[in-house]
Amino acid sequence: MRLSVLFVLIVPFHLHSQWVPDPAIDERIQRGVDFIYNLEFDKADREFDAVITTRPQHPVGYFFRAMTQWWRILSNFSDESHDERFYEMLEVVIDMCDERLDKNPNDVTALFFKGGAIGFRGRLRANRGKWLTAAKDGIVALPIVQRAHELEPNNYDVLLGIGIYNYYAEVIPNDYPVVKPFMLFFPKGDKKKGIEQLKLSAQNAKYARTEAMYFLLQSFFVYEKDYFQALNLAQTLHARYPRNPLFHRYVGRCYISLGEWSKAHKVFQEVERRYSARQIGYDAHDAREAYYYIGKFHFTAGAFDEAFKNFLRCDELSREIDKDGPSGFMSMANLHIGMIYDVQKKRQLAIKQYQKVLGMKEYENSHTQARLYITKPYGN
C-alpha cells in the first residue's frame, strides 16, 4: 500500500445517478468505467469522448477521461511520460468545477469532481515521492468531499472517499511513523467506521462499487490479515476484470497467505505467461512477483534447478525496477539462490550470496537467515 492513501482523499469512479439524468449517458459512463478497470483504454476513451460531446459543460466526461489516463500510468508506473498530461486533464476538471461553484457554492456535483481531481493529483504526487505537495492536495481535497457528503449523506459513492480516509488515517500512521507529522493537519481517523463505510459503498454504490471492493480487499489483506475475505473479493474482481493484473496478482497472494501453494502457482504461471506475451498492463513488476513465487513453489517441492531459474529472473527484473535500493523480492530471491547453492554443495558461491543479502535492506528475517547459513550451510 503506497503511503499516498493517507495524504489524499481518493475518490475514483464515483458518481451519483441524479447528477447525470440522461440514461444513455449514464450507460456510457458505466461501460467506460468497466473498460478502464479491464485496461481497455481506447474503448474507455471513446465512451467518455461521447459523453463530453453530449455534455460539454459537465465535468463528468472530463473526469473519467482523466481516469483512463490514471490507469495508463498505473499499468506501467515506471514510465512517467504520461504524468504531465494527467495533471493537465485534472486541471480542466478543477477549472470547470470552480466555474460552477462560483455560481453555487453548494453544487454537489462540482464539489465531488473537484475533490476527486485534487485527490488524484495528490495521489500521483505522493506516488512520485512529492510528499509536501501531495499533503497540500489532501488538505484541500478532504473538506471539499466532506462538504459533498454533508449535502448528500445517503450518497454511497461519495461515502467511499470518507470510508477510505477514516480507515487509513488510523492504520497507516501506526505502520509508518514517518507519516505522523503530516497527520497534524488532518482529522483523526476511525478504522472500524471506515470498514463499515467501505462495505456500504461496496454494496450500494452505483459507480464506486468496484473501487470500494478493491479498498476492502487491500484492507483485509494488508492490515486485517483476513485472507478468506480478501480472497473472495480478489476472485470476484478478477472474474469481473480478467485483464487487470492487480486483481489477478491478489488472487495469487491470497492463496499463498492461506497456504494454497498449488493454486497460487497456477495463478502466477498465468501472470508470467501474460507478461511474456506482452499483454497490456502486465509489466516487469507483475513478472518479478510471479517469478519469485514460482521459484518458491519449485524450491519447496525440491525442484531446485527450476527454482534457481525463476529466482535468477526475479533478481534480474529487480535490478531493473529497484531504483531506490534492493526490494524485498531481490533480497529474498538472492537468499534462496544461496540456499540452492548450498544444496548443490557450492559452498563458496552460497556464502557470497548470503553476504550479498546482508548488504541489502532486511526483509522478513533475511539477515537472520543469511547469518545462520554463513555459519551453518542450509540443509545441514
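Residues numbered from 1 in each chain as written. Predicted model: local features only at pLDDT ≥ 70, side-chain atom pairs only at ≥ 80, totals over all residues. Heavy atoms only, no water.

Colleague: Teacher, can you tell me more about the overall build of the protein chain here?
Modeller: Of the regular secondary structure elements, the protein chain holds 18 helices and zero strands. Expected size for 380 residues packed as a compact globule is a radius of gyration near 21 Å; at 23 Å, the protein chain falls within 12% of this value. Each principal axis of the C-alpha atoms in the protein chain carries an extent, and together these give about 75 × 45 × 35 Å. Every one of the 380 residues in the protein chain was classed for burial, and the buried ones make up 57%. For the protein chain, the share of sequence-separated contacts (at least 6 apart) that also reach a separation of at least 24 residues comes to 63%. (Helix = DSSP H or I, 4+ residues; strand = E, 2+ residues; numbered from the N terminus. Rg over C-alpha atoms; globule rule 2.2 N^0.38 Å. Buried < 20%, exposed > 50% of the residue type's maximum accessible area, 1.4 Å probe, protein only. Contact = heavy atoms within 4.5 Å.)

Colleague: Any chance you could explain the packing of helix 9 (residues 191–204) against helix 10 (residues 209–224) here in plain terms?
Modeller: Helices that pack against each other are described as a pair by the angle of their axes relative to one another and the distance between those axes. Look at helix 9 against helix 10: their axes get within 7 Å of each other, and the N-to-C directions meet at 145 degrees. Between helix 9 and helix 10 lies a crossing of left-handed hand. In this structure, helix 9 uses K191, I195, L198, K199, S201, A202, Q203 and N204 to contact helix 10, whose residues at the interface are R209, A212, M213, F215, L216, S219, F220 and E224. Tallied by class, residues from the contact of helix 9 with helix 10 come to eight nonpolar, four polar and four charged. (Axes fitted to C-alpha atoms, helices over the stretch in contact; angles between N-to-C directions. Left-handed = near helix turned anticlockwise from the far one by under 90°. Nonpolar A, V, L, I, M, F, W, Y, C, P; charged D, E, K, R; others polar.)

Colleague: What is the right way to read the packing of aromatic side chains from this model?
Modeller: Pairs of aromatic rings are described using the distance from one ring centre to the other and the angle between the two planes. Counted by the stated rule, this structure contains 34 aromatic pairs. With centroids separated by 5.0 Å and ring planes inclined at 85 degrees, the aromatic side chains of Y167 and Y168 adopt a geometry described as edge-to-face. Residue classification places Y167 among the buried positions, given a relative accessible area of 0%. The class for Y168 is buried, based on a relative accessible area of 0%. Between Y168 and Y223, the ring centres sit 6.0 Å apart and the planes meet at 70 degrees, which makes this aromatic pair edge-to-face. One end of the pair, Y168, is in helix 8 (residues 156–175); the other, Y223, is in helix 10, with 55 residues separating them in the sequence. Residue Y168 shares its accessibility class with Y223, and that shared class is buried. An aromatic cluster is built from W261, F268, Y292, Y293, F299, F304, F311, F329, Y354, Y373 and Y378, whose rings are joined through pairwise contacts. Lying over the aromatic face of F77, R128 brings its terminal NZ or CZ to 4.1 Å of the ring centre. (Phe/Tyr/Trp six-rings, centres within 6.5 Å; stacked < 30°, edge-to-face > 60°. Lys NZ or Arg CZ within 6 Å of the ring centre and 35° of its normal.)

Colleague: Looking at this structure, how should I read unusual backbone geometry?
Modeller: Both trends apply: most residues other than glycine have a negative phi, and most peptide bonds are in trans. Even without glycine at this site, K225 takes up a positive phi of about 55 degrees. Turning to its location among the elements, K225 is positioned in the loop between helix 10 and helix 11 (227–240). Note on K225: relative accessible area 49%, which makes it partly exposed. For R278, which is not glycine, the phi dihedral falls at a positive 60 degrees. Among the structural elements, R278 can be located in the loop between helix 13 (261–276) and helix 14 (284–300).

Colleague: Please explain the side chain of T210 as it appears in this structure.
Modeller: Along the chain, the position of T210 falls in helix 10. You can call T210 buried: its relative accessible area is 6%. Not counting residues within four places of it along the chain, the set of residues in contact with T210 comprises Y37, L237, R240 and Y241.

Colleague: Explanation requested: the pattern of salt bridges in the structure shown.
Modeller: Side chains carrying opposite charge are able to pair once their charged atoms draw close together. A complete count under the given rule lists 27 salt bridges for this structure. In this structure, the salt-bridge partner of E47 is R31, at a minimum N-O distance of 3.2 Å. With E47 in helix 3 (residues 41–54) and R31 in helix 2 (residues 23–37), this residue pair connects regions lying 16 residues apart in the sequence. You can call R31 partly exposed: its relative accessible area is 31%. With a closest N to O distance of 3.2 Å, K309 and E306 form a salt bridge. Here E306 and K309 lie together in helix 15 (residues 304–321), a separation of three residues that amounts to about one turn. Taking relative accessible area as the criterion, E306 reaches 32% and is therefore assigned partly exposed. It is possible to trace a salt-bridge network through shared partners that takes in D42, D45, D49, R65 and R72. (Salt bridge = Lys/Arg side-chain N within 4 Å of Asp/Glu carboxyl O.)

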